[in-house]
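Summary of the model geometry
Read off the chains here:
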Amino acid sequence: MRTLLTFIACFYFFKASLACSCAEIPSIEDAYFMTQVIFSGTVIQIENVSLWETVTSDKRMQVRKEYQQRHPNAAFFDNAIIQKVSIKRTKVYKGENINDTLIIFTPRSGAACGFTWFKVGEDFTIYASIYNNYLYNYTSFTNLKALQLPNSYWTNQCTRTFVYREQEAETLLQLSRD
């Protein structure tokens, strides 16, 4: 019995150590000033892709090779661990040259801080950036914009990204006018 309890306790703490940990979600005002791109839109498609599919095709092999040289046991990045969400934009609150249809990438796992609540046909307010932390933290590429697919951004559950709320949209609209 003691062995079983020890196993359960170890499993619980191991699992907890893998969970996403966010600081407090910022206020709308703070998030507005901290975030590169903020927009509202409707989810039109969701698919799962590998990390390499989030990089421009001309840089994909180079990034993959460099990453795997530094991390030879990271073959799980070949799996579809990223959620690719296509969104029809309805309103831009912050950002320039934002197309009508955008791609948002996020980890598929909530434990990796992925925003896992997207649903086709639902409206969301997205707080996004160009930063792909998987690559930024683990490769020598400093110009992430050069690796970014056109019209694509990243979000996670530590941002204010959430189902569209009219009151939040009104506050964002006011901030965008100031």
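Nothing here was measured: the structure is a model prediction, and the numbers come from that model.

Rules of the game
Residues numbered from 1 in each chain as written. Predicted model: local features only at pLDDT ≥ 70, side-chain atom pairs only at ≥ 80, totals over all residues. Heavy atoms only, no water. Core = buried A, V, L, I, M, F, W, Y, C linked by side-chain atoms within 4.5 Å. Buried < 20%, exposed > 50% of the residue type's maximum accessible area, 1.4 Å probe, protein only. Helix = DSSP H or I, 4+ residues; strand = E, 2+ residues; numbered from the N terminus. Contact = heavy atoms within 4.5 Å. Phe/Tyr/Trp six-rings, centres within 6.5 Å; stacked < 30°, edge-to-face > 60°. Lys NZ or Arg CZ within 6 Å of the ring centre and 35° of its normal. Disulfide = S-S within 2.5 Å. Pairing = 2+ DSSP bridges. Axes fitted to C-alpha atoms, helices over the stretch in contact; angles between N-to-C directions.

**A closer look at the nonpolar core**
- Ranked by size, the top nonpolar core spans 16 residues in total, and within it L51, W52, F77, F105 and L135 carry the most contacts.
- Secondary structure elements with two or more residues in this core: α3 (57–70), β3 (101–107) and α4 (133–136).
- Setting aside its immediate chain neighbours within four residues, W52 contacts R60, V63, R64, Y67, Q68, F77, D78 and L135.
- Membership of the second largest hydrophobic core comes to 15 residues, among which are V37, V85, I98 and I126.

**Concerning the packing of aromatic side chains**
- Applying the stated criterion to the full structure yields six aromatic pairs.
- Ring geometry for F105 and W154: centres 5.4 Å apart, planes at 40°, overall tilted. Of this pair, F105 sits in strand β3 while W154 sits in strand β5 (residues 152–154), and the two are 49 residues apart along the sequence. Considered together, F105 and W154 belong to a single accessibility category, that of buried residues.
- A ring pair is formed by F115 and F124, whose centres lie 6.0 Å apart and whose planes are at 90°; its orientation type is edge-to-face. In terms of burial, F115 and F124 fall into one category: buried.
- Cluster of aromatic residues (ring-pair linked, three or more members): F115, W117, F118 and F124.
- Directly above the ring of Y32 sits K94, whose terminal nitrogen or CZ lies 5.1 Å from the centroid.

**Observations regarding the state of the cysteines**
- Following the criterion strictly, the structure yields two disulfides and no others.
- Sulfur-sulfur distance for the disulfide between C20 and C113 comes to 1.8 Å. One quick way to see it: the torsion about the S-S bond of C20 and C113 is about 95°, and its sign makes the bridge right-handed. Highlighted residues: C20 in the loop between α1 (2–17) and α2 (28–34) and C113 in the loop between β3 and β4 (123–128), separated in sequence by 93 residues. Per residue, the accessibility class of C20 equals that of C113, and both read buried.
- What pairs with C22 in a disulfide is C158, and their sulfur atoms sit 1.8 Å apart. The sign of the S-S torsion, about -70°, decides the handedness of the disulfide formed by C22 and C158: left-handed. In this pair, C22 sits in the loop between α1 and α2 while C158 sits in the loop between β5 and β6 (162–163), placing the two residues 136 residues apart along the sequence.
- Judged by its relative accessible area of 24%, C158 falls in the partly exposed class.
- Going through the protein chain in sequence order and numbering each bonded cysteine, the pairs you get are 1-3, 2-4.

**Some details on the pairing of strand β2 (residues 82–94)**
- Relative to β2, strand β1 (residues 37–49) runs antiparallel, the two sharing eleven bridges. Note on β2: the bridge partner recorded for F39 is V92.
- Where β2 meets β3, seven bridges bridge the pair, whose relative direction is antiparallel. From the neighbouring strand, Q83 faces β3, where its bridge partner is T106.
- Turn length for the β2-β3 hairpin, with the two strands adjacent in sequence and antiparallel, is six residues, and the turn residue G95 shows positive phi of about 125°.

**A short note on the sheet that holds β5**
- Strand order in the open sheet formed by six strands is β5-β3-β2-β1-β4-β6, with mixed pairing between adjacent strands. Pairing within the sheet leaves two strands with one partner each, and these edge strands are β5 and β6.
- Of the pairings in the sheet, the one linking β4 to β6 comprises two bridges and is antiparallel in character. Counted as the bridge partner of T125 is F162 from β6.
- Running at roughly 60° to β2, helix α5 (residues 166–177) makes contact with β1, β2 and β4 of the sheet.

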